[in-house]
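# Architecture at a glance
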Amino acid sequence: MKVRESVAALRKSLGIHHPSDAPFAGLVTGDRYVAGEGDILSIATPIDGSELARFKTASAHQSCEAIRSASDSYSFWRSIPAPQRGELVRRIGNIAREQKQTLAGFITLEVGKTQQEALGEVQEWIDVCDFAVGLSRQLHGLTVVSERSQHRLMEQWLPLGPVGIITAFNFPVAVWAWNAMLALICGDTLVWKPSEKTPLCALACHRVVQLAAEQLDISPQISNLVIGGASVGQTICEDDRIPLVSATGSIPMGKKVAQTVAARLGRTLLELGGNNGMVISPTADLDLALRAIVFAAVGTTGQRCTSLRRLIVHKTILERLSAAIAESYQGLRIGDPREETTIIGPLIGEHSFLQMQEALDQARQQGGELLCGGDRITAKVPPGGVYVEPALVKMPAQTDIVKQETFAPILYVMEYEEFAQAVQIHNDVPQGLSSAIFTEDMREAERFLSVNGSDCGIANVNIGTSGAEIGGAFGGEKETGRGRESGTDSWRNYMRRATNTINYGDELPLAQGIEFDI
Ligand code: NAD
């Protein structure tokens, strides 16, 4: 099936009615589709570069319409008891379950993910729905003893307001879902600006929310979608009706978002670039490590925030392990992600290939030795797509290039002699998202997780850097932005905390024993 026909079939299965040759709306406020006043945005599939759809993007003025819609529906939504808000999310999860294949189809077409990875991403949405439904009965606060007689202190968590969600291209469904499903049960309404590379996935996700809202006769205005680029994102960041902007993307984007939102003393939740490292100790189970390395380094064609980019290997096993990785790379099936046997799809676009080549050039100039890969593949892949061999590069430690995130499948291998040196090399980058160690030595494992070990938000033992479960709080330190999303207590980001003191006596004692007689 040609890509345009696939899009039409996918749209039909979700009931997105639209003339096939007209551009899609740039703005969806609830169930109202509004033609954008901005530029035409042409969406091409990375599979073969052909056009999937056109959108007429929203103008800055129109973004304000979406914000108004979220703002107007907030007082209604926050007044619904949380377990009933959870019922909406349960329905969303059920529809996502029924439509799993269709939704995964959108991801494969728009991002080029393999079928397994696209299905996995939709499953992440379903999982986070289940988690959020349970949480909707658990939004708990503390009770605190008072220093005053017949007094009680407590903390309540209350809805925050309309939440702005800005998302990256590489997880067009899951990253939105982490934020949106939790924000919905917390009583917040939504304004979503997806990546300008993935508006079709966004339209599909938004449609699922609409369908669930229809089932419960809830105003769909609680969810709003704006299609556009950085300027639309900035409008959301500037608007003081939005108390929280959750932004996922590159570090330069996060710095701009942080400054704009901070200028009006709003809150941000930032999930930015990673530069993830793995330490391989001489005691490591190398068979296990090899599988974890290859999945983390080449999965999603090296376009995950948690992709493995730096391998820090004990000098006694470096050669053996590098040879095993290079051999394993030879057998990888790279090609059309719609084929079931493919395990590496295309890069998102030409610019990613150029960035990859530039990084490889710099690596060579900084003393690196290309061990394998790095070339473009043109045989037996759809013409028009950007397919590459994953690159493995042996690097001296502490070079500049290994400190930057290149969003492509390049794995830098560095050697160490002492464990403390491995940790030092590992932490010597500006980013702090995910990390791992492979070791059979219990002391090393514990040290890696300790205060003197990895400085990342995620630190794993005998498992790779990517592929997190939704139950854990996800996020990084340093320039990765210090956000935490998805599991454990991340829900608190989407609520405001009120401390209440209740006096059930008939005296009015003051705190700290202050006397104030009138
Ligand atoms: P990007 O920074 O180019 O774009 C991300 C989003 O930000 C897009 O929606 C874009 O339109 C918007 N944007 C850009 N400039 C903006 C501005 N000035 N104001 C407001 N919005 C703006 O990122 P990308 O290429 O889509 O995604 C890849 C990057 O995202 C990588 O760095 C990756 O590591 C990171 N990422 C991080 C996580 C995480 O959880 N830490 C998850 C996924 C992706």
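Above: the structure in question.
Note that the coordinates shown come from a computational prediction; the quantities given were computed from them, not determined experimentally.

### Examining helix α5 (residues 115–135)
- For α5, spanning 21 residues, the distance from its first C-alpha to its last is 30 Å, which sits close to the expected 30 Å at 1.5 Å a residue.
- Of all the positions in α5, only Glu-117, Ala-118, Leu-119, Glu-121, Val-122, Glu-124, Trp-125, Ile-126, Val-128, Cys-129, Ala-132 and Leu-135 are classed as buried.
- Considering only its buried residues, α5 is in contact with α3 (82–98), α4 (100–111), α6 (174–185), α7 (199–216) and β24 (485–486).

### Structural notes on the site of the ligand
- Taken together, 28 residues lie around the ligand, and Thr-167, Glu-196, Ser-250, Leu-272 and Glu-405 are the ones closest in.
- Bound to the protein, the ligand loses 90% of the 850 Å² it would expose on its own.
- When contributions to the shell around the ligand are tallied by element, the ones reaching two or more residues are α8 (230–238) and α9 (251–263).
- The two domains that each donate at least three residues to the shell around the ligand are domain 1 (3–138 + 160–272 + 481–496) and domain 2 (276–469).

### Structural notes on the packing of helix α13 (residues 419–427) against helix α14 (residues 442–449)
- The contact between α13 and α14 brings their axes to 11 Å, and the two run at 30 degrees. As far as their axial angle goes, α14 and α13 are roughly parallel. The two elements α13 and α14 meet at a crossing, and its hand is right-handed. Residues Phe-419, Val-423 and His-426 of α13 form the contact with α14, whose own contacting residues are Glu-444, Arg-447 and Phe-448.
- Its residues assigned to classes, the contact of α13 with α14 shows three nonpolar, one polar and two charged.

### Thoughts on the packing of aromatic side chains
- In the structure shown here, the tally under the stated rule is seven aromatic pairs.
- Consider the rings of Trp-178 and Phe-474, whose centres lie 4.8 Å apart with planes at 50 degrees: the pair is tilted. One end of the pair, Trp-178, is in helix α6; the other, Phe-474, is in strand β22 (residues 473–474), with 296 residues separating them in the sequence. You'll find Trp-178 and Phe-474 in the same group, each marked buried.
- Within the aromatic cluster, the residues linked to one another by ring pairs are Trp-125, Trp-176 and Trp-192.
- Seen from the ring of Phe-171, Lys-113 lies directly overhead, with NZ or CZ sitting 3.5 Å from the centre.
- For Arg-376, the ring lying beneath its charged end belongs to Phe-353, and the centroid distance is 5.2 Å.

Rules used in this analysis
- Residues numbered from 1 in each chain as written.
- Predicted model: local features only at pLDDT ≥ 70, side-chain atom pairs only at ≥ 80, totals over all residues.
- Heavy atoms only, no water.
- Helix = DSSP H or I, 4+ residues; strand = E, 2+ residues; numbered from the N terminus.
- Expected span 1.5 Å × (residues − 1).
- Buried < 20%, exposed > 50% of the residue type's maximum accessible area, 1.4 Å probe, protein only.
- Contact = heavy atoms within 4.5 Å.
- Near = heavy atom within 4 Å.
- Areas by Shrake-Rupley, 256 points an atom, 1.4 Å probe, with all protein chains shown as cover.
- Domains from an automatic or database assignment.
- Axes fitted to C-alpha atoms, helices over the stretch in contact; angles between N-to-C directions.
- Parallel < 35°, antiparallel > 145°, perpendicular 65-115°, else oblique.
- Left-handed = near helix turned anticlockwise from the far one by under 90°.
- Nonpolar A, V, L, I, M, F, W, Y, C, P; charged D, E, K, R; others polar.
- Phe/Tyr/Trp six-rings, centres within 6.5 Å; stacked < 30°, edge-to-face > 60°.
- Lys NZ or Arg CZ within 6 Å of the ring centre and 35° of its normal.

Treat this as a map of the structure, not an account of what it does.
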